[in-house]
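Descriptive analysis of the structure
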Amino acid sequence: MIKWLWIVILGLSLLFSCQDTDEYTVHPKENFEALWRILDENYCFFDYKEVDWNEVHDRYAVQIKDTMNQFALFDLMADMLRELKDGHTNLYSSFNVARYWDWYKDYPSNFYEELNDAYLGKDYKIAGGLKYLRMADDQIGYVRYSSFSNALGESNLDYMFYHFKECKALIIDIRNNGGGSLAYSERFASRFIKEKTHVGYIVHKTGKGHNDFSKPYPTVLEPSKRICWFRPVVVLTNRHCYSAANDFVMKMRMFPQVTIIGDKTGGGSGFPFTSELPNGWTVRFSACPMLDNEKQLTEFGIEPDISVSIIDSDLLGGKDTILEEAILYLLKMTEK
């Protein structure tokens with residue numbers, strides 16, 4: 001898959017290099033038009049999200065004033081970008097970052113850091129970005145991976161799996177994991193397959209039209225040559241699982257020994273790219289759709305196999321409903 005990403009990045013770079021480059025200017029109208037045009041020619045989900053980008057332009061363009069300061073301009077353009085409802089789309093200036101976080105803020109948390117700390121206790125182990133320990137009388141391995149931006153080396157995974165060698169099952173908790181490196185998603189997922197597996201597709205823009213896309217290129221996951229795990233696995237999810245975390249769930253749900261438990265993920269299946277405005281601000285946006293193995297988008301999230309939410313009464317009693325459901329599910333499965 002990483003090879004295809006480099007091909008896509010090269011293609012996007014060539015596409016962007018063909019665009020006219022404006023000289024530096026802080027003029028509000030020119031920067032607004034530059035931002036709108038960059039998205040118009042390169043954003044990948046207009047039709048999928050049923051966004052009329054021309055209508056959005058006309059609605060915001062009339063609000064641009066030659067006398068508006070940079071802060072007012074930033075706020076206006078940030079509001080325009082939020083019309084895309086895309087967590088991968090941001091506007092960066094030296095004084096603020098525009099973001100869209102409603103993909104998880106409008107939903108139940110289904111994860112609480114203090115509650116998770118209570119389950120981890122004081123004696124858990126740390127390997128790179130992983131926190132892990134044995135639970136349920138050492139029958140189940142539990143690993144907490146809070147961000148795919150945190151280091152995940154091959155040796156980290158080896159030590160973790162070796163620590164769980166006597167366990168019957170494994171829980172991977174990626175709740176509140178907002179994403180990070182797709183390379184780490186691929187590295188982790190490769191430990192759960194025995195043979196080369198087709199896990200999805202990726203496409204890239206080939207022109208400036210909203211529907212100018214390449215054919216879907218298949219992405220393949222190679223099995224790791226190191227320690228692998230083929231016993232039962234549960235992956236815990238919530239709405240805050242986004243981008244690389246969503247990609248990890250998309251892969252893992254394909255494997256026969258894996259069950260997804262918790263809440264629907266937040267999505268984020270557009271590979272992001274960046275461009276610069278005439279005033280030096282930077283915009284990041286979804287440029288390449290990444291599809292699952294059935295050529296379906298997961299931009300709006302992935303449903304779990306077993307839907308569970310944290311119950312208020314459990315929370316008051318210091319109990320994580322989702323984690324407890326996973327433990328019970330795996331204990332029943334391994335009794336068979």
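A short tour of the structure in this document, coming up.

A look at the overall build of the chain
- Along the backbone of the chain there are eleven helices and 13 strands.
- On C-alpha atoms alone, the chain measures out to a radius of gyration of 22 Å, which is about the 20 Å that the 2.2 N^0.38 rule sets for 336 residues.
- Overall, the chain is about 70 × 45 × 30 Å in size when its C-alpha atoms are taken along their principal axes.
- Looking at the chain as a whole, 53% of its 336 residues qualify as buried.
- Restricting to contacts in the chain with at least 6 residues of sequence separation, those with at least 24 account for 76%.
- If you average the places of the 37 positive and of the 47 negative side-chain charges in the chain, the two averages end up 7 Å apart.

Remarks on the packing of aromatic side chains
- Under the defined criterion, the tally for this structure stands at 21 aromatic pairs.
- Among the aromatic residues, ring-to-ring pairing joins W36, Y43, F45, F46, Y48, W53 and F300 into one connected group.
- Sitting above the plane of the W101 ring, R99 keeps its charged end 5.1 Å from the centroid.
- The side chain of R239 reaches across the aromatic face of Y107, ending 4.0 Å from its centre.

Thoughts on the pairing of strand 7 (residues 197–202)
- With respect to burial, strand 7 is a largely interior element, five of its six residues being buried.
- In terms of strand pairing, strand 7 meets strand 8 (residues 217–221) through five bridges, oriented antiparallel. By the bridge assignment for strand 8, G200 is matched with T219.

Some words on the sheet that holds strand 9 (residues 233–237)
- Read across the open sheet, the seven strands follow the order 3-4-5-6-9-10-13; overall the sheet is mixed. Unpaired on one side and paired on the other, strand 3 (125–127) and strand 13 (306–307) mark the two borders of the sheet.
- The sheet contact formed by strand 5 (residues 140–145) and strand 6 (residues 169–173) spans five bridges and is parallel. Along strand 6, the bridge assignment pairs R144 with D173.
- Strand contacts of helix 7 (residues 154–163): strand 3, strand 4 (130–135), strand 5 and strand 6, with the helix running at about 10° to strand 4, the strand carrying the most contacts.

Some thoughts on the pattern of salt bridges
- For the structure shown, the criterion picks out 18 salt bridges.
- R134 serves as the salt-bridge partner of D138, at 3.6 Å between the closest nitrogen and oxygen.
- Accessibility expressed as a relative area gives 35% for R134, which makes it partly exposed.
- Among the salt bridges present, the one from E303 reaches K264, with a minimum N-O distance of 3.9 Å. Here K264 lies in the loop between strand 10 (258–262) and strand 11 (270–276) and E303 lies in the loop between strand 12 (282–291) and strand 13, a separation of 39 residues in the sequence.
- Look at K264 and you get partly exposed, because its relative accessible area is 23%.
- Counted as one network, the salt bridges with shared partners bring together E154, D158, R187, R191 and R226.

Things to note about helix 6 (residues 113–120)
- Of the positions making up helix 6, those classed as buried are L115, N116, Y119 and L120. One side of helix 6 carries all its buried residues, which in axial view fall inside an arc of 140°. Away from its buried face, by an angle of more than 90 degrees, helix 6 presents the exposed residues E114 and A118.
- On its buried side, helix 6 packs onto strand 4, strand 5, strand 6, helix 10 (312–316) and helix 11 (321–335).
- G121 sits one or two positions beyond helix 6 and adopts a positive phi of about 70°.

Some points on unusual backbone geometry
- A positive phi is found at D138, a non-glycine position, where the angle reads about 65°.
- Relative to the assigned elements, D138 resides in the loop between strand 4 and strand 5.

As for helix 4 (residues 70–82)
- Between its first and last C-alpha atoms helix 4 spans 18 Å; for 13 residues at 1.5 Å apiece the expected length is 18 Å, and the two agree.
- Taken residue by residue, helix 4 has L73, F74, L76, M77, A78, M80 and L81 as its buried positions.
- Those residues of helix 4 hidden inside the fold are in contact with helix 2 (28–42), helix 3 (53–61), strand 1 (90–92), strand 2 (97–98) and strand 12.

Rules of the game
- Residues numbered from 1 in each chain as written.
- Predicted model: local features only at pLDDT ≥ 70, side-chain atom pairs only at ≥ 80, totals over all residues.
- Heavy atoms only, no water.
- Helix = DSSP H or I, 4+ residues; strand = E, 2+ residues; numbered from the N terminus.
- Rg over C-alpha atoms; globule rule 2.2 N^0.38 Å.
- Buried < 20%, exposed > 50% of the residue type's maximum accessible area, 1.4 Å probe, protein only.
- Contact = heavy atoms within 4.5 Å.
- Lys, Arg positive; Asp, Glu negative; His and termini not counted.
- Charge placed at Lys NZ, Arg CZ, Asp CG, Glu CD.
- Phe/Tyr/Trp six-rings, centres within 6.5 Å; stacked < 30°, edge-to-face > 60°.
- Lys NZ or Arg CZ within 6 Å of the ring centre and 35° of its normal.
- Pairing = 2+ DSSP bridges.
- Axes fitted to C-alpha atoms, helices over the stretch in contact; angles between N-to-C directions.
- Salt bridge = Lys/Arg side-chain N within 4 Å of Asp/Glu carboxyl O.
- Arc of directions from axis to C-beta.
- Expected span 1.5 Å × (residues − 1).

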